[in-house]
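Next come the chains, spelled out residue by residue.
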Amino acid sequence: MAIRKIARMGHPVLRQPTALVVDPTAPEIARLIADMFATMVDAEGVGIAAPQVYESMKIVMFYTPEDAAARPDDLRDKDFAILINPVVTVLGESREAGWEGCLSVPGLRGRVARPAHIGYRALGPDGRAVEREARGFHARVVQHECDHLDGVLYPMQMDDMTKLVFTSEWKHFAAAEGLDDGEADAENGQEQEKE
Ligand code: NI
């Protein structure tokens, strides 16, 4: 297990389409997953995708805390998922806007509107099929991480660039929107607001 360097916006590895994982149970995939987890925890992120550690493969992992403002110390194993070769399907037309951050876009936050209700299927690290529906923060983090597998970073999903701000200035928006500004830089935003 090793903490890897995290690719930052502008590096081509973040823009490449990723390859399907042929054998999710292969030892080298288990090693990569362990490295991704160590890297995510070290960076205090709530999710990470393989391209962020310079591996152009379809692997993501993320926490889905019930309390979307949870800090890393509050996160629980039961709310953690590892997805290999995930496929996301949008269910329903409603969209929600929420603030997001990304380990590959350090120091910034942006408000992104995304489908509020999705389904996803994938393989787990044991090779078994996983199929779930997600709403709220869970739906947001899945879409953010799976976007990485298509070479998409959250600023590319924003429709209002006045809401792309430095983390240190986010308090101005948080105050206006009644949000808690205590959260440090995380892979994904925490507070949501219907739009
Ligand atoms: Ni990200």
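Residues numbered from 1 in each chain as written. Predicted model: local features only at pLDDT ≥ 70, side-chain atom pairs only at ≥ 80, totals over all residues. Heavy atoms only, no water.

Turning to the packing of aromatic side chains, a few remarks are in order. Scanning the model with the defined rule gives 5 aromatic pairs in all. Seen from their ring centres, Phe62 and Tyr120 are 6.5 Å apart, and the 80 degrees between their planes marks the pair as edge-to-face. With Phe62 in strand β2 (residues 59-63) and Tyr120 in strand β6 (residues 117-123), this residue pair connects regions lying 58 residues apart in the sequence. Judged by relative accessible area, which is 0%, Phe62 ranks as buried. Here the aromatic cluster, defined as three or more aromatic residues joined through ring pairs, consists of Phe37, Tyr63 and Phe80. Cation over ring: Arg109 sits above Trp170, and NZ or CZ is 4.1 Å from the ring centre. (Phe/Tyr/Trp six-rings, centres within 6.5 Å; stacked < 30°, edge-to-face > 60°. Helix = DSSP H or I, 4+ residues; strand = E, 2+ residues; numbered from the N terminus. Buried < 20%, exposed > 50% of the residue type's maximum accessible area, 1.4 Å probe, protein only. Lys NZ or Arg CZ within 6 Å of the ring centre and 35° of its normal.)

Attention shifts here to helix α2 (residues 136-149). Helical geometry: 3.6 residues make up each α-helical turn, so side chains three or four residues apart lie on a common side. For α2, built from 14 residues, the straight-helix expectation of 20 Å at 1.5 Å per residue is met to within 8% by its first-to-last C-alpha distance of 21 Å. Of all 14 residues that make up α2, 13 are buried, and the element is covered over most of its length. Positive phi shows up at Gly151, right after α2, with a value of about 75 degrees. (Expected span 1.5 Å × (residues − 1).)

What follows deals with the confidence of the model for the protein chain. Per-residue pLDDT for the protein chain averages 89, and the proportion of residues at 70 or more is 86%. Mean pLDDT per element in the protein chain: strand β9 (residues 192-194) is the minimum at 39, and β6 is the maximum at 98. Throughout residues 182-186 the model reports pLDDT below 50, and contacts reaching past four residues in sequence, or to other chains, amount to 16 contacts. Confidence drops under pLDDT 50 across residues 189-195; counting only partners more than four residues distant or on other chains, this segment forms 33 contacts. (pLDDT = per-residue confidence, 0-100. Contact = heavy atoms within 4.5 Å.)

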